[in-house]
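Observations on chain architecture
Residue strings, one per chain:
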Amino acid sequence: MFNAQRKIWHGSGIIERNFRLTEQTFRLTLVTQGVLPTVNAGQFVMLRLPNRTDPLLGRPFAVYRVLGNVLEVIYLVVGKMTEHLAKLRSGDMLDFWVPLGNGFSPVSTPTHIIMVAGGIGQTPFLMLAEKYFRTDSRCTLLYGTRNAKYVIGMDDFRQFDVDIHLATDDGSCNEGFINYHGPVTDLISKVYRHGEPARIFCCGPRPMLHAAFRIASRFNLPCEVSLETSMSCGLGICFGCVVKCRCEKEKTTDKEIDLATKIEKETWDYRRTCIDGPVFDAYRLCW
Ligand SMILES: Cc1cc2nc3c(=O)[nH]c(=O)nc-3n(C[C@H](O)[C@H](O)[C@H](O)COP(=O)(O)OP(=O)(O)OC[C@H]3O[C@@H](n4cnc5c(N)ncnc54)[C@H](O)[C@@H]3O)c2cc1C
Ligand code: FES
């Protein structure tokens, strides 16, 4: 996983736009006074409502786009913070700190980058598609939603020549796209050509990530998943975002069997999603 040491920018931004994309989804554009730091695809930002103690804590969101002093986020209204966020207007202020987390690993040789997104999980992928636009790698987005009306941001992905395949739970379709009725993970085997160098990157609900990982391991493909674990500090301090990961196998001596026989013992430990993730090698997670 990408893990370059970076300084974290912390400050306030003025809301330039905060408009509705679908019933419960909004696109937020924030402008700051100074230039923002470089953000790697898959890193995230913590947003916090200033001068409020309810909600007290900030909330994590994937960076959708960042350019100069402008940062964009796409969010789904699910609770306290996002309900407040949806009421904010142009000119209102927000506190934020960025960039956080590791981000997706870089791809150095021509590769088929297969991005698998579920629900609001397409948000970290626009920057990934932008990164490999006009390179020898090609990007495919497999995007699953409950219903065709929840599909958002596809014009942005088209700008970067992404091959888009949609999947819906109810079989509804979006004109101008390849549509599929069923789980988005079914599409992996349809777009992957056996033998080609490919990598799978996923973001979405945990069962979808697990299903994508099982398919990746069947094809022996590298697979990274971006987790949406709830967070408090976002900075590695509170340990409120831990997930179970496999550790390197340890060679130990099993006294009961034979003192001279070394056996490989698999162990696990917790990792903080906010600094060791949110992107994890799917083969290292304890599913
Ligand atoms: C690295 C990362 C990137 C994310 N990127 C995005 C993004 O681009 N767009 C976006 O809309 N959301 C994203 N999320 C999820 C987002 O952080 C939560 O939706 C947000 O914190 C909800 O805050 P709230 O105060 O509105 O909801 P709360 O009032 O805190 O919670 C409302 C309900 O949602 C549940 N909930 C809260 N957070 C999560 C979560 N992370 N996963 C599952 N259920 C949750 C709670 O258990 C509760 O039932 C991301 C999360 C992480 C960790
Ligand atoms: S959110 Fe505090 S350690 Fe990760």
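Residues numbered from 1 in each chain as written. Chains lettered and ligands numbered in written order. Predicted model: local features only at pLDDT ≥ 70, side-chain atom pairs only at ≥ 80, totals over all residues.

Concerning the nonpolar core
- Formed by 75 residues in total, the largest nonpolar core has its most connected members in V45, V63, M115 and A212.
- The residues that make up this core include at least three from each of domain 1 (9-100) and domain 2 (112-228). (Core = buried A, V, L, I, M, F, W, Y, C linked by C-beta atoms within 7 Å. Buried ≥ 20, exposed ≤ 12 C-beta atoms within 10 Å, placed from the backbone. Domains from an automatic or database assignment.)

Overview of the pairing of strand 7 (residues 93-100)
- Bridge analysis of strand 1 (residues 9-22) against strand 7 gives 6 bridges, and the strand direction is antiparallel. Paired with H10 across the bridge in strand 7 is W97.
- With 4 bridges joining them, strand 3 (residues 44-48) and strand 7 adopt antiparallel strand pairing. Its bridge partner being in strand 7, L47 is matched across the sheet by F96. (Pairing = 2+ DSSP bridges. Helix = DSSP H or I, 4+ residues; strand = E, 2+ residues; numbered from the N terminus.)

Overview of the domain arrangement of the protein
- Assigned domains of the protein: these are domain 1 (9-100) and domain 2 (112-228).
- Contacts between the two partners involve 11 residues from domain 1 and, on the opposite side, 12 residues from domain 2.
- Of the residues contributing to the side of domain 1 that touches domain 2, the split by class is 7 nonpolar, 3 polar and 1 charged. (Contact = placed C-beta atoms within 7 Å. Nonpolar A, V, L, I, M, F, W, Y, C, P; charged D, E, K, R; others polar.)

Considerations on the sheet that holds strand 4 (residues 59-62)
- Strand order in this open sheet of 7 strands is 4-3-7-1-2-6-5, and the pairing throughout is antiparallel. In this open sheet, the two strands that pair with only one neighbour each are strand 4 and strand 5 (65-67). Between one strand axis and the next, the sheet turns through 35 degrees on average, direction left out of account.
- When strand 1 meets strand 2 (residues 25-31), the two strands line up antiparallel, connected through 7 bridges. Note on strand 2: the bridge partner recorded for N18 is L28. (Axes fitted to C-alpha atoms, helices over the stretch in contact; angles between N-to-C directions.)

Here's the deal with the site of ligand 1
- Within the structure, ligand 1 sits among 21 residues, and R59, G79, M81, T82 and T123 are positioned closest to it.
- Secondary structure elements with two or more residues in the shell around ligand 1: strand 4, strand 6 (70-76) and helix 1 (80-87).
- Ranked by residue count, the leading element in the shell around ligand 1 is strand 4, at 4 residues.
- Taken together, the residues that form the shell around ligand 1 break down as 13 nonpolar, 5 polar and 3 charged.
- When residues of the shell around ligand 1 are assigned to domains, at least three map to each of domain 1 (9-100) and domain 2 (112-228). (Near = placed C-beta within 6 Å.)

Re the sheet that holds strand 11 (residues 178-181)
- Pairing within the open sheet is mixed, and its 7 strands lie in the order 11-10-9-8-12-13-18. Two strands bound the open sheet, and with one partner strand each, they are strand 11 and strand 18 (279-281). The mean inter-strand angle of the sheet, taken between neighbouring strand axes irrespective of direction, is 20 degrees.
- Where strand 10 (residues 163-168) meets strand 11, 4 bridges bridge the pair, whose relative direction is parallel.

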